[in-house]
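Read off the chains here:
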Amino acid sequence: MCSETRPNAKPETVGWHCKRPYQKMENLIKIGNNFYDLESKHFSLKIGNSFKEVEHLFSLRHFTRLLSANFSDSDLNDEGLFILSDFLEIYNLNLQNTQITNEGTEYLKRLKNLKYLRLKENPQLTNECISNLIEIKSLQDLQIHETSVTEEGLRKVAILKNLRDITLDVREGNYSFGGLMKLSIEIPNCNILAKGDG
């Protein structure tokens, strides 16, 4: 994604991909003031752009090589998750601070190659979403800090034997030391990063 397309412009990197000078214009799509490469394997929605502006592009599967996507701090909702669930090769998905719901996480079950899932800053997500997340057997990194998932829900992720990292935040009694220790024994190859206020 770059902000300039002049032939002599230097390539500018924003997010996860870079447009080279002289890149063919038919491979680019302009959204707001930014250009996106339709052949990119990695998509990052620029802050300030709305998912509504790109929804039709994803529904028509223009991003045919997509392997990772970043919709952090955007208005992506459950309808957007439904569309993204068609991209079966995605292995990395950043949904930090979006408008998805517990019900919408059901669409993530279709992503059989998903390894890295960032759900940070989605307080609307509760223990109810865990039943969907544990269906993603490929998950290796799950980031659920600043959600409303508690120890009760976290206990269920022990069945995900491929998990290598879990990030959560400890506050207002949502997790206990004993509970986290028990989970670390049940999935010994998983690092549990517990963030606190101090």
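These numbers come from a predicted model, not from an experiment.

**Q** Can you explain the pattern of salt bridges? Please cite residues and give values.
**A** Taken as a whole and assessed by the stated rule, the structure comprises three salt bridges. Among the ionic pairs, arginine 110 bridges to aspartate 86, the shortest N-O distance being 2.8 Å. You can see arginine 110 sitting in the loop between β7 (92–94) and β8 (116–118) and its partner aspartate 86 sitting in the loop between α2 (78–84) and β7, a full 24 residues away along the chain. Here glutamate 146 ties to lysine 120 by a salt bridge, and the two come within 3.9 Å at their closest N and O atoms. Taken together, the residues span a long stretch of sequence, with glutamate 146 in the loop between β9 (141–143) and α4 (151–154) and lysine 120 in the loop between β8 and α3 (130–133) at a distance of 26 residues. We classify lysine 120 as buried; its relative accessible area is 16%.

**Q** Tell me what's going on with the side chain of aspartate 37, and back it up with residues and numbers.
**A** By the secondary structure assignment, aspartate 37 is in strand β4 (residues 34–37). Here aspartate 37 falls in the buried class, since its relative accessible area comes to 13%. For aspartate 37, the side chain forms a polar contact with the main-chain nitrogen of glutamate 39, separated by 2.9 Å.

**Q** Could you give me a rundown of helix α1 (residues 51–59), with the residues and numbers involved?
**A** Every α-helix carries 3.6 residues per turn, so stepping three or four residues along brings you back to the same face. The complete set of buried residues in α1 reads Phe51, Val54, Glu55, Leu57 and Phe58. Next to the buried residues of α1 lie β3 (28–31), β5 (42–44) and α2. Capping the start of α1, serine 50 holds a side-chain oxygen 3.0 Å from the backbone nitrogen of lysine 52, two or three residues further along.

**Q** If you had to explain the sheet that holds β7 to someone new, which residues and values would you point to?
**A** Taking strand neighbours across the sheet as the criterion, the seven strands line up as β5-β6-β7-β8-β9-β10-β11 in an open arrangement whose pairing is parallel. Looking at the sheet topology across the chains shown, the edges are occupied by β5 and β11 (191–195). Strand-to-strand twist across the sheet, computed as the mean angle between neighbouring axes with direction ignored, equals 5 degrees. The sheet contact formed by β9 and strand β10 (residues 165–169) spans three bridges and is parallel. By the bridge assignment, aspartate 141 is partnered in β10 with aspartate 165. Set on the sheet, helix α5 (residues 177–186) makes contact with β10 and β11; between it and β11 the angle comes to about 160 degrees.

Cut-offs applied
- Residues numbered from 1 in each chain as written.
- Predicted model: local features only at pLDDT ≥ 70, side-chain atom pairs only at ≥ 80, totals over all residues.
- Heavy atoms only, no water.
- Salt bridge = Lys/Arg side-chain N within 4 Å of Asp/Glu carboxyl O.
- Helix = DSSP H or I, 4+ residues; strand = E, 2+ residues; numbered from the N terminus.
- Buried < 20%, exposed > 50% of the residue type's maximum accessible area, 1.4 Å probe, protein only.
- Polar contact = N/O pair within 3.5 Å; in protein donor to acceptor, adjacent residues only side chain to side chain.
- Contact = heavy atoms within 4.5 Å.
- Pairing = 2+ DSSP bridges.
- Axes fitted to C-alpha atoms, helices over the stretch in contact; angles between N-to-C directions.

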